[in-house]
Amino acid sequence: MSGIGVYDVSVGIIAIMLAVSGILLGLGYAFNDKKLKEFGRDELLQSLINGAIVGFLFVAFSGSGFFTLLVNTLANSQSLAASCPAVMNVNYAICFAYNYLVGLSPISINGASYPSLMDVSLPLLIGLSVSYTTLSLVSSLQFSAGIISISLTSVLSPLLAQLSYLINVLTFAITGIEAQAILLKFIAITAVPVLLPVGIVLRALYLTRRLGGAIIAITIGLFVVFPLTYVFNAELTSSYFNTTNASTTDSLVSSLANMKDGAMSAVLNINSAQNSTSRNGILSSLSDTISGLMGGAEALFKELASAVAFLIIDIFFLPVFSLILTAISIKEFARLLGSEASFGRLFIY
């Protein structure tokens, strides 16, 4: 915990509150004022509790403190391996979660290597975008067979619609990945160095005691519970899904490139047949083009849909589960600290 000065300030405030509460308690007995005696007694007890909380938090969030060791032990017990940015070295769970989302190097879960979700999503998005652009150009071309003018627009429209849908989903997914990665980095930078010291100081003051307790609870939830839920999510997905394999992504990107190349080759064949002024040649080339494009499309789109469905679960559904668990933990920690963290009607129990 970096805020030694904040710790000293908190101890000073607690000492002042102890003195003030002692004076009030003494005045209550001197004037035989029941309310003053109760208020002084309550504040004396709260000051002692604040002293215990400040000491515990200072020790718990230090470099080898309880919460830090708990997070790192739980994360390392799952045989996780990731390359940590310097700002995340203290909390290995945040480091792993960040690399699982946007890491440049593969992560390891129980000895198996997995690319980050960004490394899965971005190549698919690029491959789909290139294929969509190529097929759009092909569909806009007009071919003439004597008095007949032929276009591939109606043939390629279903493929283009599916490609457009997948592109939109992947674009939204990549935005979600980046947002979660930025949130984790923000937590690593601000939770213990900023939020926790502020919460400790506010908890020591009479007027802001409940606010300080809520901020401390939020800090514990974000620093401890939230990143550990990502570790749990990664364990789930590694156990039940295999679409994060780099080979699967490479295969899909290669299939998209083959579809693009096949469309361009078909255009050249149709153009060659058109230059030969053979109506039968043009019709035959068109038939081959349609058969070639539609033949492998079903299997390709099935694989793409499976990969995108996995990403939707891992990027949206499981993080919602993480947020719910974190919110519940913050609510309970706040209650232990004599405060309250309300999330409206989201949690009623």
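Rules used in this analysis
- Here, residues in each chain are numbered from 1, in the same order as that chain's written sequence.
- Under the rules for a predicted model, residues below a pLDDT of 70 receive no local features and side-chain atom pairs below 80 are neither given nor counted, while totals for whole chains, interfaces and linings still include all residues.
- Excluding hydrogens and water, the side-chain values take into account all heavy atoms of the structure.
- Definition used for salt bridges: Asp or Glu carboxyl oxygen within 4 Å of a side-chain nitrogen of Lys or Arg.
- Note on conventions: DSSP H or I runs of at least 4 residues are helices, E runs of at least 2 residues are strands, and numbering of each starts at the N terminus.
- Exposure classes here rest on a 1.4 Å probe applied to the protein chains alone. A residue is buried below 20% of its type maximum, exposed above 50%, and partly exposed in between.
- We define a nonpolar core as any set of buried Ala, Val, Leu, Ile, Met, Phe, Trp, Tyr and Cys residues linked to one another through side-chain atoms lying within 4.5 Å.
- Working rule for contacts: check all heavy atoms of both residues, and any pair within 4.5 Å makes them a contact.
- Patch membership requires more than 30% relative accessible area and the absence of a salt bridge. Residues of like charge join within 9 Å; the nonpolar side chains Val, Leu, Ile, Met, Phe, Trp and Tyr join within 5 Å.
- Reported accessibility uses the Shrake-Rupley method at a 1.4 Å probe radius. Residues are deemed covered only where the shown protein chains occlude them.

Chemist: Can you help me understand the pattern of salt bridges in this one?
Modeler: Two side chains of opposite charge can pair, provided their charged atoms sit close to one another. The tally for this structure, following the rule as stated, stands at two salt bridges. In this structure, the salt-bridge partner of E43 is R209, at a minimum N-O distance of 2.9 Å. Remark: R209 occurs in helix α7 (residues 209-240) and E43 occurs in helix α2 (residues 34-60); sequence separation between them is 166 residues. As far as the burial class goes, E43 and R209 line up, both buried. A salt bridge links E332 to R335, with the nearest nitrogen and oxygen atoms 3.8 Å apart. Residue E332 and its partner R335 are located together in helix α10 (residues 297-336), separated by three residues, close to a single helical turn.

Chemist: Sorry if this is basic, but what is going on with the nonpolar core here?
Modeler: Most often, soluble globular proteins have nonpolar side chains that are buried together. With 75 residues, the main nonpolar core has F61 and L304 as its most contacted residues. Ranked by the residues each element gives to this core, the list is headed by helix α6 (residues 153-204), at 20 residues. Once you skip the residues sitting within four places of it in the chain, L304 turns out to touch L124, L128, L166, L252 and L256.

Chemist: Just checking my understanding: could you explain the side chain of K37 for this structure?
Modeler: By secondary structure assignment, the location of K37 is in helix α2. Non-local contacts of K37, meaning those with residues more than four positions away in its chain, are made with L25, G28, Y29 and N32.

Chemist: I would appreciate a short explanation of the side chain of S47 in the present structure.
Modeler: Here S47 lies in helix α2. Residues within four places of S47 in sequence aside, it is in contact with I14, M17, L18 and S21.

Chemist: Could you clarify how one ought to interpret a nonpolar patch on the surface in this entry?
Modeler: Side chains of I23, L27 and F31 sit close together on the surface and give an oily, nonpolar patch of about 330 Å² of accessible area. You can see F31 is positioned in the loop between α1 (4-30) and α2. You can call F31 exposed: its relative accessible area is 63%.

Chemist: Hey, could you run me through the environment of I313 in this one?
Modeler: Within the secondary structure layout, I313 lies in helix α10. The partly exposed category is assigned to I313, whose relative accessible area is 31%. Counting along the chain gives 76 residues from I313 to T237, while the straight-line C-alpha distance between them is 9.1 Å.

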